[in-house]
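# Secondary and tertiary structure notes
Below, each chain spelled out in residue letters.
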Amino acid sequence: MNVYIFGVVISMFVYLLIGVYVGRKVKSVEDYYVSGRNATTIFIAGTMFASMLSTNGFMGDTAYAYSGNITTLLLINTLCGCGYIIGGLYFGRYIRRSKVNTMPAYFWKRFNSKRIRFFAGVITIFSLSSYLLSVLQGTGQLMETMTGLDRLTCLLIVWASIMFFTIYSGSRGVLVTDTVMCIFFLVSTIVAGQYIFSAAGGLDDLLVNLLNNPATPDGLLSYHGNTGGGTATDIVFYGVTIGIVWMITLAVSPWQAGRNLMVKNEHVIFRAGVIGIILTVFFLLYLYIMAISVIQLNPDMAQPERVIIWTAFEVVPKFVGVLLLTGIMAAGLSSASTFLSVVSFCMSTDVLDKKFQNDSSQVNFTRVVIFAVSLGAVVLAYLELSSIRIIAWFASTIIASSWGFVAFASVWSKKLTERGAYYSMLGGFFGYLISKCLKEFLDMPFDNLFHPFFVGVFVSVIFGVIGSYGQVKSDKETSFQNNLHLTPKSEILARDYKIDRIYGYVLMASGVLITFLLIKYWAIPYNEAIGVDALAWLR
């Protein structure tokens, strides 16, 4: 048994032990679906960031940074992270007050409509099943690289690990294991980074060394990044566009905003959001700097998505490499368990809509669904059908495009009706799907403001307005919406707001800090190196 297989076995064993321990505390449907609505800040922040990052952050994003677009990613992540705060304040805390177990169930209660619940469930399953497939494939491939085992064995190991603790412990197990995995990959990445920076000549001299390195991609350190043959305006506009897309996605998608149904109180939503945005900006910038440091060690990699994996084998000590690779795998497992639980919960309650005599029968039925969904996913992942990759393109942000408008309007609009909400979801779903097909298959220019996501949102808004015209909200809808705006007495304790203010000050200080660091250690040295006096305007 090589050291990498040993690392995988130990980490899987730990996650399973955690799942078994936590699963013993599951006593009801609320425990299983929404962790008893008692999750604290650390667990909500951990599960949201871990499931957002996944293997794509360690492989796809680092490849983009290594190829010359670290500044583009910084712009995207800064906007993206705002979704944690905006979504929590203007949507998340209100859906918590509805006391539902899934987000499609929230739309059902809000609009008194089973067809909206069913369609929202279908959208969730379509989107997150594709995510689940891609994460299974990515994590399985990583395990192949680490262990040398065959592909089927690796997929089965990944499948078994997420399936067992998700089946047994439900959302409680997912929250705890996600958080443990999050802490693990944060620590392992930070430790590995020190060795990588040292091997690349030191962090202090990295900027100058990259500027003097002929292998450095064009525009790597400029404000716009590598334009790829286009213009600076194009690539900056792309960063803003994708940043807004993911900001809305984090604000309303069930694998992120749905975590707000599990919180102990509404203050946890804001506090977890603060931690989420800080991690998104600071940690990911650290990770991307690790990636561009490799340009000094191994320029022009044929497979840049393996840049961090390469350092685990070739740069850092073997023990640290094991920790780093196991941490990356943990990020993939975290996302997979989150997607599996959300898809299975939606299928068992919102789509199949089966009636149960008691909590025990509902939990047991959901466990059967989790097993079936996970088994189907691993079979499709093994087949590696081209259609899966195509679906993944379509599914990336289709949830937010379909119900982003409806989500916020369900809380704040006094005119959106059941018919308008249903038409809005249909319009957003098919508006995104059709424009995405035209872009991918006919190479039509759906970019920037005409990105398929924005096309879907625009159609969703128009259909929502048209569908609501001439219809009046029912008394039940109006009463439910009004109740969403009634703050529970348990949420207005002075000590909670004092803690919230501390988090707010930390967020503000973090913004000042990242601005100072980027100006002092990046913008000014970079401009001086290329012969521009960046401080001339001050004199």
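Because the structure is a prediction, the values reported are computed rather than measured. Along each chain, numbering runs from 1 in the same order as the chain's sequence is written. Note on the predicted model: pLDDT of at least 70 is required for a residue's local features to be given, and 80 or more for side-chain atom pairs to be given and counted; whole-chain, interface and lining totals, by contrast, use all residues. As a rule here, side-chain values come from all non-hydrogen atoms in the structure, and water together with hydrogens is ignored.

### A word on the overall build of the protein
Across its full length, the protein holds 18 helices and zero strands. Seen through its C-alpha atoms, the protein measures out along the principal axes to roughly 70 × 60 × 55 Å. Buried means the residue's accessible area, taken with a 1.4 Å probe over protein chains only, is under 20% of the maximum for its type, while exposed means over 50%, and partly exposed covers the values in between. Looking at the protein residue by residue over its 539 residues, the buried ones come to 55%. Any two residues whose heavy atoms approach within 4.5 Å at even a single point are treated as in contact. Partitioning the intrachain contacts of the protein with sequence separation of at least 6 by distance along the chain shows that 85% fall at a separation of at least 24. Think of it this way: any DSSP run of H or I at least four residues long counts as a helix, any run of E at least two long counts as a strand, and we number them from the N terminus.

### Some remarks on the packing of helix H9 (residues 266-293) against helix H18 (residues 494-529)
The relative placement of two packed helices is expressed as an angle between their axes plus a distance between the axes. Only the contacting stretch of a helix is used when fitting its axis, a line to C-alpha atoms as for every element, and angles between N-to-C directions run 0 to 180 degrees. Put simply, H9 and H18 touch, their axes get as near as 9 Å, and they point 15° apart. Of the possible angle classes, the one that applies to H9 and H18 is roughly parallel. For H9 against H18, the interelement crossing comes out left-handed. Classifying every residue of the contact of H9 with H18 gives 17 nonpolar, three polar and three charged. For classification, angles of less than 35 degrees are called roughly parallel, those exceeding 145 degrees roughly antiparallel, those between 65 and 115 degrees roughly perpendicular, and all remaining angles oblique. By the definition used in this description, the sense in which the near helix is turned from the far one sets the handedness, with an anticlockwise turn below a right angle giving left-handed and a clockwise turn giving right-handed. Ten residues, namely Ala, Val, Leu, Ile, Met, Phe, Trp, Tyr, Cys and Pro, are considered nonpolar, four, namely Asp, Glu, Lys and Arg, are considered charged, and the remaining ones, Gly among them, are considered polar.

### As for the packing of aromatic side chains
The aromatic pairing rule takes the rings of Phe, Tyr and Trp, using the six-membered ring of Trp, and pairs them if the centres are within 6.5 Å, calling planes under 30 degrees apart stacked, those over 60 edge-to-face and the rest tilted. Enumeration over the complete set of coordinates arrives at 27 aromatic pairs. Ring geometry for Phe107 and Trp403: centres 5.2 Å apart, planes at 50°, overall tilted. With Phe107 in helix H4 (residues 103-111) and Trp403 in helix H14 (residues 398-412), the pair connects residues that are 296 residues apart, well separated along the chain. Phe107 sits in the buried class, given a relative accessible area of 0%. Taken together, the ring pairs in this structure connect Phe91, Tyr106, Phe107, Trp403, Phe408 and Phe480 into an aromatic cluster.

### A few points about the pattern of salt bridges
What makes a salt bridge here is a side-chain nitrogen of Lys or Arg within 4 Å of a carboxyl oxygen of Asp or Glu, nothing more. Counting across every chain of the model gives ten salt bridges. Its salt-bridge partner being Glu491, residue Arg96 comes within 3.3 Å of it at the nearest N-O pair. Placement of the pair is Arg96 in helix H3 (residues 41-97) and Glu491 in the loop between helix H17 (475-484) and H18, with a sequence separation of 395 residues. Comparing Arg96 with Glu491, the two get one shared label, buried. A salt bridge links Glu440 to Lys436; the shortest N-O distance between them is 3.5 Å. One end of the pair is Glu440 and the other is Lys436, both in helix H15 (residues 418-442) and four residues apart, which spans about a single turn. Residue classification places Lys436 among the buried positions, given a relative accessible area of 9%. When salt bridges that share partners are traced, they join Arg271, Asp496 and Asp500 into one network.

### Brief notes about H3
With 57 residues, H3 should reach 84 Å at 1.5 Å per residue; the first-to-last C-alpha distance of 17 Å falls well below that figure. Two axes enter the definition of the bend at a residue: one is fitted to the seven residues ending there, the other to the seven starting there, and the bend is the angle between them. Most pronounced at Gly68, the bend in H3 amounts to some 125°. Where burial is concerned, most of H3 is hidden: 43 out of the 57 residues are buried. Positive backbone phi, at 60°, marks Lys99, one or two positions downstream of H3. A helix is expected to reach a length of 1.5 Å times the quantity of its residues less one.

### Considerations on the environment of Cys182
Within the fold, Cys182 resides in helix H6 (residues 151-199). Expressed as a C-alpha distance, the spacing of Cys182 and Leu16, which sit 166 residues apart in the sequence, is 16 Å. Once residues lying within four places of it in the same chain are set aside, the contact partners of Cys182 are Gly46, Phe49 and Ala50.

### Describing the nonpolar core
Only buried residues count toward a nonpolar core. Its members are Ala, Val, Leu, Ile, Met, Phe, Trp, Tyr and Cys residues joined through side-chain atoms within 4.5 Å. Ranked by internal contacts, the top residues of the largest apolar core, which has 148 residues, are Phe49, Phe107, Phe185 and Trp403. In terms of residue count, the dominant contributor to this core is H3 (19 residues).

### Here we look at the confidence of the model for the protein
Scored between 0 and 100, pLDDT is the confidence that the predictor attaches to each residue. Chain-level statistics for the protein give a pLDDT mean of 89 and a share of 96% at 70 or above. Mean pLDDT values over the elements of the protein span from 53, in helix H13 (residues 386-395), up to 96, in H9.

### Concerning the side chain of Ser54
Of note, Ser54 is situated in helix H3. Assessed through its relative accessible area of 7%, Ser54 is described here as buried. Sequence-distant contacts of Ser54, defined by excluding residues within four places in its chain, comprise Val135, Ala331, Gly332 and Ser335.

### Things to note about unusual backbone geometry
In terms of backbone geometry, most residues other than glycine have negative phi values and most peptide bonds are trans. Of note, the phi angle at Ser35 is positive, near 55°, even though the residue is not glycine. The residue Ser35 is located in the loop between helix H2 (29-34) and H3 in this model. Assessed through its relative accessible area of 6%, Ser35 is described here as buried. One non-glycine residue, Asp443, adopts positive backbone phi at about 55°. Mapped onto the elements, Asp443 comes out in the loop between H15 and helix H16 (452-468).

### Notes on H4
Within H4, seven of the nine residues are buried, which leaves it mostly tucked inside the rest of the structure. Phi for Asn112, located one or two positions after H4, is positive at around 50°.

### Comments concerning a nonpolar patch on the surface
Together, Leu152, Leu156, Phe371, Leu375, Val379, Leu380, Tyr382 and Leu383 line one region of the surface with nonpolar side chains, adding up to about 650 Å² of accessible area. Elements that contribute at least two residues to the nonpolar patch include exactly H6 and helix H12 (359-383). Considering each element in turn, the nonpolar patch owes the most residues, six residues, to H12. Within the secondary structure, Leu383 is located in helix H12. Residues enter patches when their relative accessible area tops 30% and they take part in no salt bridge; the joining distance is 9 Å for like charges and 5 Å for the nonpolar side chains Val, Leu, Ile, Met, Phe, Trp and Tyr. For the area figures, the Shrake-Rupley method with a 1.4 Å probe applies, and any residue is considered shielded solely by the protein chains shown.

### A short note on the environment of Ser129
Within the secondary structure layout, Ser129 lies in helix H5 (residues 114-147). Under the relative-accessibility criterion, Ser129 is labelled partly exposed at 22%. The sequence separation of Ser129 and Lys414 amounts to 285 residues, and the corresponding C-alpha distance is 34 Å. Beyond its immediate stretch of four places on either side in the chain, Ser129 contacts Thr124 and Val343.

### Structural notes on the environment of Gly464
Structurally, Gly464 can be placed in helix H16. Filtering out sequence-adjacent residues up to four positions away, Gly464 remains in contact with Phe405, Leu416, Gly420 and Ser424.

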